[in-house]
Amino acid sequence: MKGIFVVGAGPAGMFAARQIALAGYDVFLFNRDIKPGGLVEYGIYPLKEKMKAGLRKQFAQVLAMPNVHYFGNVQVGDDYDLTIEQLQAMHPAAIVFACGAQGARKLGLPGADSKGVYAAKDFVYHYNQLPPYASMDFSTGKRIAIVGVGNVAIDIARWLLEDSPDRVTESVVVIARRGPLEVKFDEKEIEFVERHVVREELSAELMRVQPRCASAGQDVSPEKLFEQHFRLLKNSDFKSVPPHLSFRFLSSPTAVIPDAQGRAARIQVAENDLVLKPDGSTSAVANGEHCEIEVDTLIFAIGDEHDPKIGLPMGPGGYATAPDPEHPSEPRYEVWQPASSSVIPGWYVAGWARKASTGLAGIARHDGEVGASRALEFVKTAPDSGTLSEPEILAQLEAMDLRPVTKADLQLLGKVEEREAQERQMPSFKFSDNEVMLKAIQEERLSSSHVGEADLQPTV
Ligand SMILES: Cc1cc2nc3c(=O)[nH]c(=O)nc-3n(C[C@H](O)[C@H](O)[C@H](O)COP(=O)(O)OP(=O)(O)OC[C@H]3O[C@@H](n4cnc5c(N)ncnc54)[C@H](O)[C@@H]3O)c2cc1C
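Residues numbered from 1 in each chain as written. Predicted model: local features only at pLDDT ≥ 70, side-chain atom pairs only at ≥ 80, totals over all residues. Heavy atoms only, no water.

Below, the discussion takes up unusual backbone geometry. A cis amide bond links Pro131 with the next residue in sequence, Pro132, at an omega value of -5 degrees. As for its placement among the helices and strands, Pro132 is situated in the loop between α5 (120-127) and β7 (143-147). Backbone geometry at Arg167 places phi at a positive 55 degrees, although glycine is not the residue there. Along the chain, Arg167 falls in the loop between α6 (151-163) and β8 (171-175). Residue class for Arg167 comes out exposed when judged on its relative accessible area of 61%. Phi angles above zero are rare outside glycine, and Ser357 is one such case at about 55 degrees. In this fold, Ser357 is placed in the loop between β18 (342-349) and α10 (361-381). Of the residues examined, Ser357 reaches a relative accessible area of 29% and is grouped as partly exposed. (Helix = DSSP H or I, 4+ residues; strand = E, 2+ residues; numbered from the N terminus. Buried < 20%, exposed > 50% of the residue type's maximum accessible area, 1.4 Å probe, protein only.)

With that settled, consider the sheet that holds β18. The 6 strands are arranged β3-β2-β1-β4-β18-β17 in an open sheet whose pairing can be described as mixed. Unpaired on one side and paired on the other, β3 (68-72) and β17 (334-337) mark the two borders of the sheet. Pairs of neighbouring strands in the sheet enclose a mean axial angle of 30 degrees, with direction left out of account. Of the strand pairs in this sheet, strand β2 (residues 27-31) and β3 are connected by 5 bridges, and their pairing is parallel. Bridging from a neighbouring strand, Phe28 pairs with His69 of β3. (Pairing = 2+ DSSP bridges. Axes fitted to C-alpha atoms, helices over the stretch in contact; angles between N-to-C directions.)

All right, on to the site of the ligand then. Near the ligand you find 33 residues, and of these Asn31, Asp33, Lys48, Val76 and Trp352 are the closest. For the ligand, an oxygen atom lies 2.7 Å from a polar atom in the side chain of Lys48. Take Val76: an N or O atom from its main chain is 2.7 Å from a nitrogen atom of the ligand. When isolated, the ligand has an accessible area of 1,000 Å², and the protein chains bury 96% of it. Here the residues of the shell around the ligand are counted per class, giving 19 nonpolar, 10 polar and 4 charged. Here the shell around the ligand gathers at least three residues from each of two domains, domain 1 (4-102 + 306-405) and domain 2 (103-303). (Near = heavy atom within 4 Å. Polar contact = N/O pair within 3.5 Å; in protein donor to acceptor, adjacent residues only side chain to side chain. Areas by Shrake-Rupley, 256 points an atom, 1.4 Å probe, with all protein chains shown as cover. Nonpolar A, V, L, I, M, F, W, Y, C, P; charged D, E, K, R; others polar. Domains from an automatic or database assignment.)

This part is about the packing of α5 against α6. Two elements in contact, α5 and α6, have axes whose closest approach is 11 Å; the angle formed by their N-to-C orientations is 45 degrees. Considered as vectors, α5 and α6 are oriented oblique to each other. Every pair of crossing elements has a handedness; the one defined by α5 and α6 is left-handed. Contacts from Ala120, Phe123, Val124 and Tyr127 of α5 reach α6 at Val152, Asp155, Ile156, Trp159 and Leu160. Classifying every residue of the contact of α5 with α6 gives 8 nonpolar, no polar and 1 charged. (Parallel < 35°, antiparallel > 145°, perpendicular 65-115°, else oblique. Left-handed = near helix turned anticlockwise from the far one by under 90°. Contact = heavy atoms within 4.5 Å.)

On to the layout of surface pockets, then. By volume, the second largest pocket is sized at about 1,400 Å³. For the lining of the second largest pocket, the secondary structure elements donating two or more residues are α2 (39-42), α3 (49-63), α5, α6 and α12 (407-424). Element by element, the count of residues in the lining of the second largest pocket is highest for α12, at 11 residues. Looking at side-chain class alone, the lining of the second largest pocket contains 19 nonpolar, 8 polar and 12 charged residues. (1 Å grid on protein atoms, 1.4 Å probe; cavity = no way out; pocket = protein on both sides within 12 Å on 5 of 7 lines; lining within 4 Å. Points joined across faces, edges and corners; volume = space filled by probe spheres on them.)

Pairing between β17 and β18: 3 bridges, direction antiparallel. Note that in β18 the partner of Gln337 across the bridge is Ser342. Joining the antiparallel neighbours β17 and β18 is a turn of 4 residues, in which Ser341 adopts a positive phi near 50 degrees.

This next bit is on α10. Given a rise of 1.5 Å per residue, 21 residues ought to cover 30 Å, and the 31 Å separating the end C-alpha atoms of α10 matches this to within 8%. What α10 keeps buried is the set Ala364, Asp367, Gly368, Glu369, Val370, Gly371, Ala372, Ala375, Leu376 and Val379. Against β1 (4-7), α1 (11-22), β4 (94-97) and β18 lie the buried residues of α10. (Expected span 1.5 Å × (residues − 1).)

What follows deals with the side chain of Asn67. Within the element layout of this structure, Asn67 appears in the loop between α3 and β3. Relative accessible area serves as the criterion here: at 15%, Asn67 is assigned to the buried category.

Listed below in structure tokens is the structure:
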């Protein structure tokens, strides 16, 4: 048999699996999390229920295909449950790595290991209830700084300002390395938090950085910025609501200063000038001035990195992919072995595993499909690899003391969660602990097999 393995069941992996299954091949998904969905389940804002529900439905349709096999709760990697070598020993005809970008980009600042300093994705995993992050300490204080000005930073600000059950936030400051015209968030996202911005405070910040932006040819007058990004603030009568959201532009944190208990107390920030480059783009260059900002929580939302522990060869920008001299900044799908300067036959990356932190779920879907079609092209002419069957793989995983979660198990878990939601009178419910989920699956399996037996008993 020529079966294709997919590592990771986020949107890239799930839609890669669909493409492969539609082509008539057996596809085997290996996923770190018990549940499929990746960042759709555990990253996208919890209140975007409609979007999540739509995607969950599509994932369920993929899993319902008879030639799609699922092994959740199995983390692939050198220091994890199953090495790539062990995967290879199950004889896949090709492997698509769609494991996302699980590391966080770091600035390596002094004091960054202080309490209260978090990477955005870990924090987002926490409030989206992904085990084990769900039960780890991600406590926040009253004054929070978020470094980065993309949609993830704004999602986190929204959580802290609007929906966190802790209700302790007094102020959130978003720190941007470059200027106000270079913010990366979408209009749709800023609308959720705009009402927390103090009009006069943002105007003052824009005036503060205006001369430095003007020297790079940028007009950052409040009128222009309000028109472009903060529509609510165009109205001069606009009154903000607490907790407050502010922005600090042309600023780069250089150190975290902890208090006596080791928790972040202040951050040191370098002021930047904006420099216009010959190609028309801008860069931020430190101008030697510094200031300090009092914070008790600092969240870095500056992007993600590929996890080197998976065991894929690494290049300067993440997982190494075949060089493309014509498009050097666009990674290809084929995995590259720099040591031998050759492609690894039959190995592909897709989604955020190809390009970290790039694009929405729809882009990841498309990327998964492209990755799958590359794998299918390869497999078409490759000899039969003798891929193990689902029961054989399951037996091997269990022999390694792993507790793989299958499609049938996911259905049992779904039933228990539905029941919990009804009992708690909630629209939906999800467990946030792996052991609890595994126990719930086991108990549900036992009770449904008892029901099955009882059904067979003759009624008196
Ligand atoms: C905070 C945040 C908010 C977002 N909001 C939106 C939004 O509102 N709308 C939108 O369209 N997009 C949004 N996105 C983007 C979207 O989530 C991504 O585009 C998409 O999820 C990337 O898909 P992926 O499959 O490549 O990776 P992921 O979704 O990260 O999936 C990776 C999968 O691989 C698995 N995995 C990881 N490591 C291993 C391993 N070692 N072994 C086995 N399996 C492994 C994980 O368990 C996971 O299931 C958001 C992203 C973030 C971070």
